[in-house]
Amino acid sequence: LDNGNVGIGTTDPSSALDVTPASGIRATQLCDETGANCKDISTGWKVGYTPILFYRNDFPASLTNSTLTLVVSGGSGEGLRMRWAGDIIGMSTTMSAARTAGTATFIVRVEGVNTTNSVIIDGTNTITVYQDWTSSGATSFNAGDRINCVLTTNSTWAPTTADAYIYVFVRY
């Protein structure tokens, strides 16, 4: 056309690409202008950020991959089944008491497999830690995957009466 616009389903396109088919557009993914950053839209189009909260009361020393409880109605150690595909982009933990000895490591799991996404309570970070993986290190998950969190403590961990609340932040 004279104005440089292209139309599909219209003889008078009002933008660079104007698509107005009566039956809609069918696609399984959309990508940016470089062909990267593709979004699978076959499971629905949803973009947002959500914190998932887990907790553990009175955790002892010498734990290995102990499953934390999901804080939702009817929550269990099974984690949260994700409705859409997305990425784990951050994690934060808060303790009810400051660490006095040892190390506690909180690790995000996807479908029962430990990811590289974790926070550590140790001599440097004694009560609150936040990790941000939005720039690099985010772990992807698929629609239908379960997200969970596990805890490992070493043999000198104290206090054993501490409670922990762990937020896992996801982008979908």
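Residues numbered from 1 in each chain as written. Predicted model: local features only at pLDDT ≥ 70, side-chain atom pairs only at ≥ 80, totals over all residues. Heavy atoms only, no water.

Participant: Can you walk me through the pattern of salt bridges in this structure?
Facilitator: When charged atoms on two side chains of opposite charge get close, those side chains can pair. Here the structure, examined in full by the defined rule, presents 1 salt bridge. Between R171 and D87 there is a salt bridge, with the nearest N and O atoms lying 3.3 Å from each other. Of the two residues, R171 sits in strand β15 (residues 164-171) while D87 sits in strand β9 (residues 86-95), which places them 84 residues apart along the sequence. R171 gets classed as partly exposed once you look at its relative accessible area, which sits at 24%. (Salt bridge = Lys/Arg side-chain N within 4 Å of Asp/Glu carboxyl O. Helix = DSSP H or I, 4+ residues; strand = E, 2+ residues; numbered from the N terminus. Buried < 20%, exposed > 50% of the residue type's maximum accessible area, 1.4 Å probe, protein only.)

Participant: Would you mind showing me how to read the environment of G102 here?
Facilitator: Relative to the helices and strands, G102 resides in the loop between β9 and β10 (104-110). By relative accessible area, G102 is classed as buried at 10%. For the pair G102 and A158, spaced 56 residues apart in sequence, the C-alpha to C-alpha distance is 6.3 Å. Setting aside residues no more than four positions away along its own chain, G102 makes contact with I121, D122, N154, T156 and W157. (Contact = heavy atoms within 4.5 Å.)

Participant: Quick question: what am I supposed to make of unusual backbone geometry here?
Facilitator: Put simply, A158 and P159 share a cis peptide bond, and its omega is 10°. Turning to its location among the elements, P159 is positioned in the loop between β14 (146-153) and β15. A positive phi angle, close to 65°, is found at S62, a residue other than glycine. Looking at where S62 falls in the secondary structure, it is placed in the loop between β5 (49-56) and β6 (66-67). A positive phi angle, near 55°, is found at E111, a position not held by glycine. Within the secondary structure layout, E111 lies in the loop between β10 and β11 (113-121).

Participant: Help me out: how do you make sense of a nonpolar patch on the surface in this one?
Facilitator: Taken together, the side chains of V6, I8 and L17 define a hydrophobic patch exposed on the protein surface, amounting to about 280 Å² of accessible area. Within the secondary structure, I8 is located in strand β1 (residues 6-8). Residue classification places I8 among the partly exposed positions, given a relative accessible area of 47%. (Patch = residues over 30% accessible without salt bridge, like charges linked within 9 Å, V, L, I, M, F, W, Y side chains within 5 Å. Areas by Shrake-Rupley, 256 points an atom, 1.4 Å probe, with all protein chains shown as cover.)

Participant: Looking at this structure, I do not really get the pairing of β10. What am I missing?
Facilitator: Along a regular strand, successive side chains alternate from one face of the sheet to the other. Most of β10 sits out of view: 7 of its 7 residues are buried. Side chains of β10 alternate between two faces, with A104, F106, V108 and V110 and T105, I107 and R109 buried alike. Summarising the sheet, β10 and β11 pair through 6 bridges and their orientation is antiparallel. Bridged to T105 within β11 is I120. When β10 meets β14, the two strands line up antiparallel, connected through 7 bridges. Bridge assignment links R109 to a residue of β14, and that residue is N148. (Pairing = 2+ DSSP bridges.)

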